[in-house]
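Descriptive structure summary
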Amino acid sequence: MQKHDKMVALAKEKSAEMTETAITAIETMYRKNVKISVAELTKLTGLSRGFFYNNPNVKQVMMELKEQQQGKVLRNPKSDAIAKAQEARIKSLEQKLSDSVPKSDFENLQKKYEELQVKYSQMKKGTLLKMYDQL
């Protein structure tokens, strides 16, 4: 019977540690304005999904903090990862583009573009003035 009591005590101790880990993770996500979700919590803590649903203390803390997050602008870890990947892709494409067009050609085209913009605005003003005179 003594072994059984030790096993029960160890199981309770481990359960208490897991509960503390889960609650700490939930509170950390809340403080960092990260959307609290069971999927993210399982990744963060290594605990099972069922643990977050079946442990009443953990479930209560999770639900309370999720409710407090409603209406707030939150960070989504998946969105952060996607944004970083997109930024890297944009930089890569910009580098390829700058490598494909010689800098002098680019500068010449940019000057021509600016000159054409000035001429266009002058033409537009002239056309508007003519239309105004006709009224």
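Going by the structure above, here's the rest.
All values derive from a computational prediction rather than experimental measurement.

Quick notes on a nonpolar patch on the surface
On the surface, a cluster of nonpolar side chains totalling about 280 Å² of accessible area is made up of Leu97, Val101 and Phe106. Topologically, Phe106 is positioned in helix 6 (residues 103-134).

Notes on the side chain of Gln69
Note that Gln69 resides in helix 4 (residues 56-69). Judged by its relative accessible area of 5%, Gln69 falls in the buried class. For Gln69, the side chain forms a polar contact with the main-chain nitrogen of Ile36, separated by 3.2 Å.

Brief notes about the pattern of salt bridges
Following the criterion strictly, the structure yields one salt bridge and no others. Where Lys43 meets Glu40, a salt bridge forms, and the shortest distance between an N and an O atom there is 3.7 Å. Of this pair, Lys43 and Glu40 both sit in helix 2 (residues 38-45), three residues apart, which is roughly one turn of that helix. Classification of Lys43 as exposed rests on a relative accessible area of 60%.

Here we look at the environment of Gly46
Tracing the backbone shows Gly46 in the loop between helix 2 and helix 3 (49-54). Note on Gly46: relative accessible area 64%, which makes it exposed. Each C-alpha atom of the pair Gly46 and Met18 lies 9.8 Å from the other, and the pair is 28 residues apart in sequence.

Overview of the side chain of Thr19
By secondary structure assignment, the location of Thr19 is in helix 1 (residues 2-31). The buried category is assigned to Thr19, whose relative accessible area is 12%. At a separation of 3.0 Å, a polar atom in the side chain of Thr19 contacts the side chain of Asn55. The contact partners of Thr19, leaving out residues within four places of it in the chain, are Phe51, Asn55, Asn57 and Val58.

Basis of the calculations
- Throughout this description, residue numbers start from 1 for each chain and increase along the sequence as written.
- Where totals are concerned, whole chains, interfaces and linings use all residues; where local detail is concerned, this predicted model gives features only for residues with pLDDT of at least 70, and gives and counts side-chain atom pairs only at 80 or more.
- Values reported for side chains reflect all heavy atoms of the structure, with hydrogen atoms and water molecules removed beforehand.
- Nonpolar side chains (Val, Leu, Ile, Met, Phe, Trp, Tyr) within 5 Å and like charges within 9 Å form the patches, drawn only from residues with over 30% relative accessible area and no salt bridge.
- Every accessible area reported is derived by Shrake-Rupley at a probe size of 1.4 Å, with residue values counting cover from the shown protein chains alone.
- Throughout this description, the term salt bridge denotes a Lys or Arg side-chain nitrogen within 4 Å of a carboxyl oxygen of Asp or Glu.
- Strands are runs of DSSP state E lasting at least two residues, helices are runs of H or I lasting at least four, and both sets are numbered from the N terminus onward.
- Summary of the burial criterion: residues with accessible area below 20% of their type's maximum are buried, those above 50% are exposed, and those between are partly exposed, where the area comes from a 1.4 Å probe applied to protein chains only.
- In protein, a polar contact requires one atom able to donate a hydrogen and another able to accept it; more generally it is a pair of N or O atoms within 3.5 Å, and residues adjacent in sequence count only if both atoms are side-chain atoms.
- In what follows, a contact means two residues having at least one pair of non-hydrogen atoms within 4.5 Å.

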